[in-house]
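# Remarks on the overall topology
Listed here are the chains, written in short residue letters.
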Amino acid sequence: MVVNTRGDKVDASPTKGFFVNMITRDITLEDTILDLIDNSIDAAWHNEGGQAMELADTVDLSAYRISISASPERFSIRDNCGGMTLDDAVEHAFSFGRRGSQELEEYSIGVYGIGMKRAAFKLGTNIRVRSTYTDSDGAREAFAVPILVDEWMKNDNPPWDFDIDEDHELDDDGVEIVVESLREGTKAEFGNPAFIRNLRRMIARDYSLHLNRGLKIAVGGKAVEGLPIELRQGGGFAPVRVEYKDQAGEDEVMVEIIGGMAAPPPESIDPDDAKDGDRRFGWYVACNGRIVLAADKTTVSGWGTSDWPQWHRQYSGFIGIVLFTAANAADLPLTTTKRSVDASSGVYLRARRRMRDISKEWIAYTNVRKQALAEAKRREAVPEAVPIQHVKKRLSIALPKLVRVKTEPVANVNYSVPVSKMKRLATELGNVNMTYRDVGLKSFDYTYDDHVGDG
């Protein structure tokens with residue numbers, strides 16, 4: 001038996017290589033860029049008072065700009081959102097994780113304090129972070145933090161610090177991050193126009209609540225327009241809009257839920273109808289203003305779970321939005337990548353019960369609609385689109401009471417044929433763009449007339 005009488009201890013210190021690999025391996029390149037945008041928006045929001053983002057507030061973000069440039073040679077992001085102070089840089093901005101003594105930045109989207117470092121390490125190995133700010137005496141200050149990743153990772157001994165250099169001032173108070181010596185995967189993605197288009201779509205969707213308040217984000221010099229989220233009201237239709245307070249431990253979380261008709265349901269449930277127009281429908285979840293789940297039709301938002309059917313194209317036209325707002329971002333029900341929600345969160349589970357009730361009202365309406373289609377279409381032509389921030393508070397969704405029309409029982413026919421044959425038949429029937437459903441109906445009519453006739 002060996003007895004340790006010298007007081008030796010096992011070295012459990014992490015290595016830089018292990019740490020960097022762990023924080024970057026499970027996050028996509030798009031998400032790292034969104035992390036950097038989060039930091040800029042948090043700074044802008046802090047400048048405007050750091051208050052809760054609610055639909056009813058009138059915070060104007062039109063003074064703030066974020067510019068992003070991405071090519072196989074270089075990535076940069078620059079904002080005019082006030083800048084990072086030297087004290088911030090020294091004490092916590094470049095630390096790996098949020099310190100327990102660090103003052104809480106209220107109503108931010110950042111949780112763990114690793115977004116900027118994670119993004120920079122994911123993108124490349126030659127990084128320069130610049131900041132210009134105005135101090136409490138009104139003097140402008142500027143500094144830069146260069147990070148040469150390969151050199152920095154050669155030595156695992158603490159402290160894991162970075163140098164701070166003097167720098168010339170940026171045009172506006174703000175932060176600029178430039179990354180060169182990009183990683184091979186990053187170069188390939190930035191050279192792909194499809195990646196840039198997808199990045200623009202993600203920004204337009206995830207920051208729509210900020211963009212619609214005037215925030216300006218440009219990618220490659222081209223402004224990104226926020227995704228308009230509207231619901232229809234009038235003619236017996238009215239969205240639900242409720243808000244309440246919930247608890248996450250000892251902290252308070254504000255919850256707003258809005259849901260209703262964004263567009264009439266489709267006349268056909270064929271997948272080729274309306275050019276797959278149901279992509280925007282489903283449930284959206286926002287945490288402190290950032291949309292972390294969009295147009296969801298999965299079990300994450302409840303579809304296909306207990307007492308809740310799976311999403312069916314019949315339900316297209318419905319949009320629901322849940323906004324969670326908390327002073328402490330750690331109380332929000334979101335994952336570390338901010339690309340989904342923590343479905344085990346008590347705050348989220350309690351909200352999802354309310355989401356289910358709203359969804360079931362819409363489901364019931366679409367079920368009746370099939371037996372009252374003419375009346376439904378007449379009523380659905382009346383309501384007008386209203387931005388969600390202008391939707392009035394209402395405890396339940398309002399939908400017209402449709403009267404079922406008795407019809408002869410129908411038989412549904414479902415079969416599969418090669419698309420090439422279907423398109424050729426549609427062409428012979430006079431319209432190559434005819435829906436599969438209409439091709440099937442016309443084919444049936446021809447066959448019925450030929451073999452059965454009018455009798």
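My aim in this report is to walk through the structure given alongside it, one point at a time.

### Let's talk about the overall build of the protein chain
Looking only at helices and strands, the protein chain features 12 helices and 15 strands. Each of the 455 residues in the protein chain was classed as buried or not, and the buried ones make up 45%. Element-wise, carbon and sulfur atoms account for 49% of the exposed surface of the protein chain, whose accessible area totals about 24,300 Å².

### Some details on the pattern of salt bridges
Counting across every chain of the model gives 20 salt bridges. The closest approach of N and O atoms between Glu 169 and Arg 140, which form a salt bridge, is 2.9 Å. Here the residue Glu 169 occupies a position in the loop between strand 5 (165-166) and strand 6 (174-182), and Arg 140 occupies one in strand 4 (residues 140-148), the gap between them amounting to 29 residues. Salt-bridge contacts for Arg 437 lead to Asp 438; the nearest nitrogen and oxygen are separated by 3.9 Å. Taking relative accessible area as the criterion, Arg 437 reaches 41% and is therefore assigned partly exposed. Where salt bridges share partners, they join Arg 78, Arg 128, Arg 130, Asp 167 and Glu 176 into one cluster.

### Details of the sheet that holds strand 8 (residues 222-223)
The 8 strands lie next to each other as 5-4-3-6-2-1-7-8, forming an open sheet whose pairing is mixed. A strand with exactly one partner marks an edge of an open sheet, and here the two such strands are strand 5 and strand 8. One ladder, built from 8 bridges, connects strand 3 (residues 124-134) with strand 6; its direction is antiparallel. From the neighbouring strand, Arg 128 faces strand 6, where its bridge partner is Val 178. Here helix 7 (residues 193-206) sits on the sheet and contacts strand 1 (65-70), strand 7 (216-219) and strand 8; the angle it forms with strand 7, its principal contact strand, is near 170°.

### Re the sheet that holds strand 11 (residues 251-261)
Taken in spatial order, the 5 strands of this open sheet run 10-11-14-12-13, and their pairing is mixed. Each edge of the open sheet is held by one strand with a lone partner, namely strand 10 (240-248) and strand 13 (290-296). Across the sheet, the mean angle separating the axes of adjacent strands is 15° when strand polarity is ignored. Here strand 12 (residues 282-287) runs beside strand 14 (residues 318-326); their pairing, made up of 6 bridges, is parallel. Looking at the pairing, Trp 283 lines up with Gly 320 of strand 14.

### Remarks on a negative patch on the surface
Taken together, the side chains of Asp 161, Asp 163, Asp 165 and Glu 166 make up a negatively charged region of the molecular surface. Tracing the chain through its elements places Asp 161 in the loop between helix 5 (149-152) and strand 5. Residue class for Asp 161 comes out partly exposed when judged on its relative accessible area of 48%.

### What about the packing of aromatic side chains?
Within this structure, the stated rule accounts for 13 aromatic pairs. Their ring planes at 55° and their centres at 5.6 Å tell us that Trp 303 and Trp 308 sit as a pair that is tilted. Residue Trp 308 is classed as buried on the basis of its relative accessible area, which comes to 5%. Following the ring pairs from residue to residue traces out a cluster consisting of Phe 237, Trp 283, Phe 318, Trp 362 and Tyr 365. Lys 297 extends its terminal NZ or CZ atom over the ring of Trp 311, reaching a point 5.4 Å from the ring centre.

### Quick look at the nonpolar core
Residues Ile 37, Ile 68, Phe 75, Ile 203 and Phe 324 are the most contacted members of the largest nonpolar core, which totals 108 residues. Among the domains, domain 1 (20-223) and domain 2 (230-390) are the pair contributing at least three residues each to this core. Non-local contacts of Ile 37, meaning those with residues more than four positions away in its chain, are made with Ile 66, Ile 68, Ile 77, Ile 203, Tyr 207 and Ile 217.

### Re the pairing of strand 11
Counting buried residues along strand 11, 9 of its 11 residues qualify, which places the element largely inside the surrounding structure. Of the strand pairs in this sheet, strand 10 and strand 11 are connected by 9 bridges, and their pairing is antiparallel. Directly across from Tyr 244, in strand 11, lies its bridge partner Val 255. Taking the residues between adjacent antiparallel strands as the criterion, strand 10 and strand 11 are bridged by 2 residues, where Gly 249 takes a positive phi near 65°. Strand direction decides the pairing type here: strand 11 and strand 14, joined by 9 bridges, are antiparallel. Residue Gly 260 lies in a different strand from strand 14, and its bridge partner there is Ile 319.

### Digging into unusual backbone geometry
Phi is positive for Ser 181, which is not a glycine, with a value near 50°. Here Ser 181 is to be found in strand 6. Unlike most non-glycine residues, Asp 307 shows phi in positive territory, near 60°. The topology assignment puts Asp 307 in the loop between strand 13 and strand 14.

Conventions and cut-offs
Residues numbered from 1 in each chain as written. Predicted model: local features only at pLDDT ≥ 70, side-chain atom pairs only at ≥ 80, totals over all residues. Heavy atoms only, no water. Helix = DSSP H or I, 4+ residues; strand = E, 2+ residues; numbered from the N terminus. Buried < 20%, exposed > 50% of the residue type's maximum accessible area, 1.4 Å probe, protein only. Areas by Shrake-Rupley, 256 points an atom, 1.4 Å probe, with all protein chains shown as cover. Salt bridge = Lys/Arg side-chain N within 4 Å of Asp/Glu carboxyl O. Pairing = 2+ DSSP bridges. Contact = heavy atoms within 4.5 Å. Axes fitted to C-alpha atoms, helices over the stretch in contact; angles between N-to-C directions. Patch = residues over 30% accessible without salt bridge, like charges linked within 9 Å, V, L, I, M, F, W, Y side chains within 5 Å. Lys, Arg positive; Asp, Glu negative; His and termini not counted. Charge placed at Lys NZ, Arg CZ, Asp CG, Glu CD. Phe/Tyr/Trp six-rings, centres within 6.5 Å; stacked < 30°, edge-to-face > 60°. Lys NZ or Arg CZ within 6 Å of the ring centre and 35° of its normal. Core = buried A, V, L, I, M, F, W, Y, C linked by side-chain atoms within 4.5 Å. Domains from an automatic or database assignment.

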